[in-house]
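Examination of the molecular architecture
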Amino acid sequence: MVLRLSTMFLRTLREDPVDAEVASHKLLVRAGYIRRAAPGIYSWLPLGLRVLAKVEAIVREEMNAIGGQEVHFPALLPREPYEATGRWTEYGDALFRLQDRKGADYLLAPTHEEMFTLLVKDLYNSYKDLPVYLYQIQNKYRDEARPRAGLLRGREFIMKDSYSFDIDDAGLDTAYAKHREAYLKIFSRLGLEILPVKATAGAMGGSKSEEFLHPTPVGEDTFVRSAGGYAANVEAVTTVVPEDIDYSTLPACQVKDTPDTPTIDTLVAVANEVAPRDAGEWTAADTLKNVVIAAKMPTGERRLVVIGLPGDRAVDLKRVEANIAGHLEIGGEVEIEAATEDDLKKNPSLVKGYMGPGNGLDHAVLGTEAASGVLYLVDPRVVSGTSWITGANEPGRHVFGLVAGRDFGWDGTIECVEVREGDPAPDGSGPLRTARGIEMGHIFQLGRKYAESLELKVLDQNGKLVTVTMGSYGVGVTRAVAALAETNHDDRGLMWPRNVAPADVHLMVTGKGAELFAEAERIAAALDAQGIEVIFDDRPKVSAGVKFGDAELVGVPTIAVVGRGLAEGLVEVKDRASGTAENIPVADVVGHLVDAVRG
RNA sequence: CGGGCUAUGGCGCAGCUUGGUAGCGCGCCUGACUGGGGGUCAGGAGGCCGUGGGUUCGAAUCCCGCUAGCCCGACCA
């Protein structure tokens, strides 16, 4: 196939679009791959569409390879299925809702769990039909509060989403493992560095989940990694729990006056005045901070929880939200926010600034069994035998040497503390560092959440109805195009990897002699005959500088120049990425280019 | 949702302070020259100055409202 620039629908821009911040966005617009149609919504031009199709083809091949079967759902869907799973409301403002002429509610699908589940329910009813893996490559719609970075976060985007249906957990594990392998292959073929990181399932429900992150500074997901290979989303990081300490020799705790110490900083300063210790100054790490948060339950109920953590640490509400469900004896989504003044007024036993689990003597304050009756969870670092300075539940007083397990108890532990650079990796592989990444894919074991709410059941070997277990797996296809552009460019333009480049060879003529054009035509035709895809810059009366500039901007991996060298029987062949160039005899140039393209 | 900035030909911008027939660069069209790094010259086409109202003889420019966009944050399978 030969794409002639003299007729191709293409206009390159000399200047960066003013609304673009990241390189992929600037270059894809400048090089004529995409155009903005509305915020977060892009039109695909001929060059862009070719790259997109190649990325899709790779995804499709690998999904087919694990037995996936491609289907295609509408993007415009009726409300009912999403009502049944609760997502019509749960999805909130991010859902594009609309009405038909009769006033019936519709939506533009943000993801298709419901439709896949209903389709399988429609057609299958026996364990013999399972497992089945279905997928589609399709537009998704999410009314993001703030679309940004061009294709990296759009309101319309293309996603490959697949869904596995199994009779039991072992089947789900297999489906999950197969998808994981397929994803690693997809990203490897795309030439994208990928780190699978442990993630929490979040609003999708279910248990096991991994994100496939492409590390890059423009990414919007923060994750942590260790030199030894550990990688995880901050929500999923687990704390290295210290050993219990023998407290038999520790002195009894003592309540002391610590006037005007409502914050950890003021407390540490006063503690060093009123109760200096031999083993060096008190620090924030010696204090036990008790933070009140409010959990908004799916039922609408608002429940207070106190979290105890070392005073030198901060609560990470997202981590709390990701990990609190098990402590509330309730399914569904819980929203976490800081407690308000009102919350505290309703619980007079919680003394702001001077809260503590108890004074170790007469009564406990925090905990479901204690005076306040408020659920008390602690950071895993609070192990039996650790000794703390903490609030004595009266203004201006703190208790010193309060020993965990001896003087106070708790209802459970929770991963709730901000992960910091330098914290140890849970698998002992070294200190954690934070990094940024783009989420390129995500795999979930959904379990039976959707199958239950939509009543997808099949008969098992014993003729009993059992609920099917599901997995859901996504790859951001348009996002992959952006990530590829982000990773493969220099200051002159794009530099596509071979697998996804819009063409194999960018052939250009410089000069005006008819023989130059005639020779270039012959080369283009010969390459075409060999199945090589050629972008042919056959524009007459366009200066060499413009042609070189456009070739480098468009970013096809191999550039061939028919020009002044032809007088000596030579054609210049350049590698876009390395910049290396060599002169090849005209007679050999087609073979040389074919070899370069086919590796 | 909070904060900041912006809105003028396809793209990037000036003009606004001090109201008076809308301008520059790129791109586009015609011709000539040039012909290996966005070249030169000449001549053209193309604009409801985001939108509604107000002030004024007269508004891109001053005043009020609205809308949209971008950036930072919050949010985000």
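Up top you'll find the structure we're talking about.
Attention in this report is confined to the structure presented alongside it. (Residues numbered from 1 in each chain as written. Chains lettered and ligands numbered in written order. Predicted model: local features only at pLDDT ≥ 70, side-chain atom pairs only at ≥ 80, totals over all residues. Heavy atoms only, no water.)

1. What about the sheet that holds strand β20 (residues 397-403)?
- In space, the three strands of this open sheet follow the order β14-β20-β19, with antiparallel pairing throughout. Only two strands of the sheet have a single neighbouring strand rather than two, namely β14 (254-257) and β19 (387-394). Ignoring strand direction, the axes of neighbouring strands in this sheet form an average angle of 30°.
- Note: β19 against β20, five bridges, orientation antiparallel. Paired with Gly391 across the bridge in β20 is His398.
- Across the sheet, helix α7 (residues 264-274) lies against β14, β19 and β20, angled at about 80° from β20, the strand it touches most. (Pairing = 2+ DSSP bridges. Helix = DSSP H or I, 4+ residues; strand = E, 2+ residues; numbered from the N terminus. Axes fitted to C-alpha atoms, helices over the stretch in contact; angles between N-to-C directions. Contact = heavy atoms within 4.5 Å.)

2. Details of the protein's contact with RNA strand B
- Lining the immediate surroundings of RNA strand B are 42 residues, of which Arg142, Arg153, Met159, Glu552 and Glu572 lie closest.
- When the atoms of RNA strand B within 4 Å of the protein are grouped by moiety, sugar and phosphate amount to 50% of the total.
- Between RNA strand B and the protein, one listed contact pairs a sugar or linking oxygen with a side-chain N or O atom of Arg14 at 2.5 Å.
- In this structure, a base nitrogen belonging to RNA strand B sits 3.1 Å away from a side-chain N or O atom of Asp550.
- Contributing elements (two or more residues each) for the surface near RNA strand B: β22 (432-447), α13 (544-554) and β31 (570-575).
- Its residues assigned to classes, the surface near RNA strand B shows 14 nonpolar, seven polar and 21 charged. (Near = heavy atom within 4 Å. Polar contact = N/O pair within 3.5 Å; in protein donor to acceptor, adjacent residues only side chain to side chain. Nonpolar A, V, L, I, M, F, W, Y, C, P; charged D, E, K, R; others polar.)

3. Remarks on the side chain of Gln138
- Along the chain, the position of Gln138 falls in strand β8 (residues 132-141).
- Only 2.7 Å separates the side chain of Gln138 from the backbone oxygen of Phe73, close enough to count as a polar contact.
- Apart from residues lying up to four places away in sequence, Gln138 is in contact with His72, Phe73, Pro74, Ala75, His112, Phe157, Ile158 and Met159.

4. Considering the pattern of salt bridges
- Going through the model one piece at a time under the given rule, you end up with 29 salt bridges.
- The salt bridge partner of Glu113 is Arg87, with a shortest N-O separation of 2.9 Å. On the criterion of sequence distance, the pair formed by Glu113 in helix α5 (residues 113-123) and Arg87 in helix α4 (residues 87-90) is long-range, its members being 26 residues apart. There is no split in this pair, since Glu113 and Arg87 are both buried.
- Its salt-bridge partner being Arg313, residue Asp423 comes within 3.0 Å of it at the nearest N-O pair. You can see Asp423 sitting in the loop between β21 (412-413) and β22 and its partner Arg313 sitting in the loop between β16 (302-310) and α8 (317-323), a full 110 residues away along the chain.
- Arg313 sits in the buried class, given a relative accessible area of 11%.
- Here the salt bridges share partners, and the residues they tie into one network are Arg4, Glu521 and Asp538. (Salt bridge = Lys/Arg side-chain N within 4 Å of Asp/Glu carboxyl O. Buried < 20%, exposed > 50% of the residue type's maximum accessible area, 1.4 Å probe, protein only.)

5. Brief notes about helix α6 (residues 169-190)
- The first and last C-alpha atoms of α6 sit 31 Å apart over 22 residues, in line with the 32 Å expected at 1.5 Å per residue.
- By the burial criterion, the buried members of α6 are Gly171, Leu172, Ala175, Tyr176, His179, Ala182, Tyr183, Ile186, Phe187 and Leu190. The arc enclosing the buried residues of α6, seen along the axis, measures out at 135°, which places them on a common side.
- In the stretch just after α6, Gly191 is the one whose phi turns positive, near 75°. (Expected span 1.5 Å × (residues − 1). Arc of directions from axis to C-beta.)

6. With respect to the pairing of strand β6 (residues 96-99)
- One ladder, built from four bridges, connects β6 with strand β7 (residues 105-108); its direction is antiparallel. Residue pairing across strands places Leu98 opposite Tyr106, the latter belonging to β7.
- Joining the antiparallel neighbours β6 and β7 is a turn of five residues, in which Gly103 adopts a positive phi near 90°.

7. Quick word on the packing of aromatic side chains
- Within this structure, the stated rule accounts for eight aromatic pairs.
- The interplanar angle of 35° and the centroid separation of 4.1 Å between the aromatic rings of Phe116 and Tyr163 together place this pair among those described as tilted. Taken together, the positions of Phe116 in helix α5 and Tyr163 in strand β9 (residues 156-166) put the pair 47 residues apart, joining distant regions of the chain. For the residue pair Phe116 and Tyr163, the accessibility class agrees, reading buried in each case. (Phe/Tyr/Trp six-rings, centres within 6.5 Å; stacked < 30°, edge-to-face > 60°.)

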